[in-house]
There are 2 protein chains.
Amino acid sequence: MTRYKLTIAYDGTKFHGFQRQNDLRTVQGVVEKALTKMTKGKHVDVVGSGRTDAGVHALGQVIHFDYPGQIPAENMLRAINSLMPLDVLAKDSEIVDDNFHARFGVTKKTYQYRVSCTHYTDPFKRFYTGHYAYDLDVDKIQVALKDLVGEHDFTSFAASGGMIENKVRTIYSATAVYNKSNDELIFEFTGNGFLYNMVRILVATLLEIGNGRRDVHDFLRLFEVKDRQEARGTAPASGLYLKEVFYD
Amino acid sequence: MTRYKLTIAYDGTKFHGFQRQNDLRTVQGVVEKALTKMTKGKHVDVVGSGRTDAGVHALGQVIHFDYPGQIPAENMLRAINSLMPLDVLAKDSEIVDDNFHARFGVTKKTYQYRVSCTHYTDPFKRFYTGHYAYDLDVDKIQVALKDLVGEHDFTSFAASGGMIENKVRTIYSATAVYNKSNDELIFEFTGNGFLYNMVRILVATLLEIGNGRRDVHDFLRLFEVKDRQEARGTAPASGLYLKEVFYD
């Protein structure tokens with residue numbers, strides 16, 4: 001058995017998320033199906049760095065699996081790409097030590113969130129961005145982003161249904177860049193971990209701050225109150241991209 | 001009755017082309033359905049500047065129709081957008097003279113063709129670009145584009161099935177720009193008319209020239225031989241955008 005680490009990108013539009021589910025088309029399911037063809041029927045378990053929801057995209061999701069036999073990393077890349085549908089792409093392949101683990105070894109992740117800021121909904125962006133048609137003061141958003149950086153209790157920003165008790169996470173960087181050429185506001189968040197729907201709830205809150213409907217320092221209050229009802233909105237899955245996963 | 005001229009954009013991925021077809025989802029069908037809701041059941045015929053095929057996109061298709069009653073142009077824009085699905089967008093609306101005709105009044109059209117030039121197929125571009133994974137010498141393409149400009153017999157570049165006898169068309173401009181930031185080669189062609197599949201056949205030929213598989217001045221020979229078999233390839237619909245339609 002040889003352990004492979006693969007970096008994959010996918011357009012999440014037509015997937016019911018990353019995680020295998022009976023009869024539903026998922027990223028894990030599609031990758032495992034390709035591997036089963038390579039092994040002529042032997043199932044290979046794929047482990048991802050974490051789940052992504054239906055409609056969420058990845059530019060650099062990381063997975064690992066143990067393959068029966070050994071082929072060069074570049075051949076693995078070519079073989080698996082030839083067997084996967086066009087909405088998943090293996091970008092990089094590496095043979096790794098048996099103690100590499102795609103989920104347990106994660107030290108940091110970067111998520112990107114793209115918001116289309118035109119007053120109309122662009123037909124070409126409906127699956128690839130969120131959309132905010134109202135006034136935005138990007139300077140206010142920049143101020144609010146500074147409050148996010150550091151170690152905080154993100155209870156107010158975790159969708160219910162998560163099983164994780166400890167909701168303290170560290171955000172290493174949180175940025176927003178407004179791209180005038182296509183009227184997109186691009187958020188990036190790097191942290192040691194993210195709770196369920198956390199990025200999408202943070203973005204919805206940031207947009208309300210940018211629109212003046214919340215105080216620019218409302219994050220400080222939201223960290224204190226630890227109440228999901230206070231943060232309210234969740235930005236749509238279509239704008240979210242798992243950009244990069246880091247390991248030691 | 002009031003005649004409206006609308007400029008519309010659409011993502012062609014989920015349409016069986018522009019033209020109405022029984023039981024199939026088409027752009028014309030979707031616009032007419034929205035108008036029928038506005039008139040409370042009265043059918044309104046939509047006339048487009050021309051058809052686009054299944055999978056072909058539009059940034060600026062032009063249509064006209066005669067609406068029973070008169071509402072301000074901006075209200076028409078808002079009303080029709082609220083009744084159309086998210087893959088069609090009315091961008092501009094104008095009340096025009098009864099002798100404006102979206103098809104017969106066309107003086108020029110601009111088509112854009114986007115080619116993704118990465119060696120892999122980007123999962124986010126599969127419906128929005130063509131793809132060319134081989135070497136390209138963009139300088140050779142630039143030289144070849146000059147041969148296209150002017151009045152020529154495009155018989156070699158017309159898919160069979162067209163009913164048009166006269167295959168002479170004038171190309172006013174033909175350009176290619178290589179965008180390093182996303183590895184896309186963007187062609188634009190402006191002309192007084194385009195035959196069926198003509199842009200897609202021109203692009204396939206231009207890519208063969210860029211790859212060195214055809215002489216850089218092969219267009220001159222192809223104009224002479226007037227034989228569709230000589231031009232061979234047709235670039236996929238996914239890269240083609242009707243960008244702009246011009247009237248006097």
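The shown structure was predicted, so the numbers you read here are calculated from the model rather than taken from an experiment. (Residues numbered from 1 in each chain as written. Chains lettered and ligands numbered in written order. Predicted model: local features only at pLDDT ≥ 70, side-chain atom pairs only at ≥ 80, totals over all residues. Heavy atoms only, no water.)

A.B. asks: Go over the overall build of chain A, please, and point to the residues and values.
C.D. replies: The helix and strand tally for chain A stands at 6 helices and 10 strands. For a compact globule of 248 residues, the expected C-alpha radius of gyration is about 18 Å, and chain A comes in at 19 Å, within 12% of that figure. Within chain A, the proportion of its 248 residues that are buried is 52%. Across chain A, the fraction of contacts at a sequence separation of at least 24, relative to all contacts at a separation of at least 6, is 71%. Split by element, the accessible area of chain A, about 11,600 Å² in all, is 48% carbon and sulfur. Between the centroid of the 31 positive side chains of chain A and the centroid of its 31 negative side chains there is a distance of 5 Å. (Helix = DSSP H or I, 4+ residues; strand = E, 2+ residues; numbered from the N terminus. Rg over C-alpha atoms; globule rule 2.2 N^0.38 Å. Buried < 20%, exposed > 50% of the residue type's maximum accessible area, 1.4 Å probe, protein only. Contact = heavy atoms within 4.5 Å. Areas by Shrake-Rupley, 256 points an atom, 1.4 Å probe, with all protein chains shown as cover. Lys, Arg positive; Asp, Glu negative; His and termini not counted. Charge placed at Lys NZ, Arg CZ, Asp CG, Glu CD.)

A.B. asks: Account for the domain arrangement of chain A, naming residues and giving values.
C.D. replies: Residues and elements named next belong to chain A. Each assigned domain of chain A is listed here: domain 1 (2-96) and domain 2 (107-247). The centre of domain 1, based on its C-alpha atoms, is set 28 Å off from the matching centre of domain 2. In this assembly, domain 1 packs against domain 2 so that about 1,300 Å² is buried in total across both faces, 56% of it on carbon and sulfur atoms. It is Asp53, His57 and Leu59 in domain 1 that bury the most area against domain 2; as a group they hold 40% of the surface buried on that side. Inspection of the domain 1/domain 2 interface yields 10 residue pairs in polar contact (both at pLDDT 80 or more). Element by element, the count of residues in the side of domain 1 that touches domain 2 is highest for strand S3 (residues 57-67), at 6 residues. Residues belonging to the side of domain 1 that touches domain 2 are distributed by class as follows: 5 nonpolar, 8 polar and 4 charged. (Domains from an automatic or database assignment. Buried area = accessible area lost by both parts, 1.4 Å probe. Polar contact = N/O pair within 3.5 Å; in protein donor to acceptor, adjacent residues only side chain to side chain. Nonpolar A, V, L, I, M, F, W, Y, C, P; charged D, E, K, R; others polar.)

A.B. asks: With reference to specific residues and values, describe the interface of chain B and chain A.
C.D. replies: When the parts come together, some accessible area is lost, and that loss is often what is quoted as the size of the interface. The interface of chain B with chain A comprises 19 residues on the first partner and 19 residues on the second. It is Leu86, Phe124 and Arg126 of chain B that lose the most area in chain B upon contact with chain A, and together they represent 39% of the buried surface on that side. Along the contact surface separating chain B from chain A lie 4 salt bridges. For Asp87 of chain A, the salt bridge identified is with Arg126 of chain B, shortest N-O distance 3.7 Å. Put simply, chain B and chain A have 2 residue pairs in polar contact (both at pLDDT 80 or more) between them. For the side of chain B that touches chain A, the secondary-structure elements that each account for two or more residues are strand S1 (2-10), strand S3 (57-67) and strand S4 (88-96) of chain B. Broken down by element, the residue count for the side of chain B that touches chain A peaks at 3 residues, all from S3 of chain B. Along the lines of polarity and charge, the residues of the side of chain B that touches chain A split into 13 nonpolar, 2 polar and 4 charged. (Salt bridge = Lys/Arg side-chain N within 4 Å of Asp/Glu carboxyl O.)

A.B. asks: Mind laying out the nonpolar core, listing which residues take part and the relevant values?
C.D. replies: Residues Leu35, Phe65, Leu148, Phe157, Phe187, Phe189 and Phe219 of chain B are the most contacted members of the largest nonpolar core, which totals 69 residues. No other element matches helix H4 (residues 198-210) of chain B, which puts 8 residues into this core. For this core, the two domains that each supply at least three residues are domain 1 (2-96) and domain 2 (107-247) of chain B. Of all hydrophobic cores here, the second largest spans 67 residues; its members include Ala58, Cys117, Ile171 and Leu240 of chain A. (Core = buried A, V, L, I, M, F, W, Y, C linked by side-chain atoms within 4.5 Å.)

A.B. asks: Any chance you could break down the relation of the copies chain B and chain A for me, citing the residues and the numbers?
C.D. replies: Structural alignment of chain B on chain A gives an RMSD of 0.0 Å, achieved by rotating through 180° and translating 0.0 Å along the axis. As the rotation angle and translation indicate, the two copies are arranged about a two-fold axis. Rotation axis and chain B: the residue whose C-alpha lies nearest the axis is Phe124 of chain B, separated from it by 5.6 Å. In this assembly, 100% of the residues forming the interface of chain B have copies in chain A that are likewise at the interface, indicating an isologous arrangement. (Least-squares fit on C-alpha atoms with pLDDT ≥ 70 in both.)

A.B. asks: Now, about unusual backbone geometry: what can you tell me, with residues and values included?
C.D. replies: Residues and elements named next belong to chain A. In the Ramachandran plot, Asp23 falls in the positive-phi region, its phi being about 70° despite a non-glycine side chain. As for its position among the elements, Asp23 is in the loop between strand S1 (2-10) and helix H1 (27-38). Judged by relative accessible area, Asp23 falls into the exposed class, the value being 84%. In the Ramachandran plot, Asp183 falls in the positive-phi region, its phi being about 55° despite a non-glycine side chain. Tracing the backbone through its elements, the reader meets Asp183 in the loop between strand S8 (168-179) and strand S9 (184-191). Assessed through its relative accessible area of 29%, Asp183 is described here as partly exposed.

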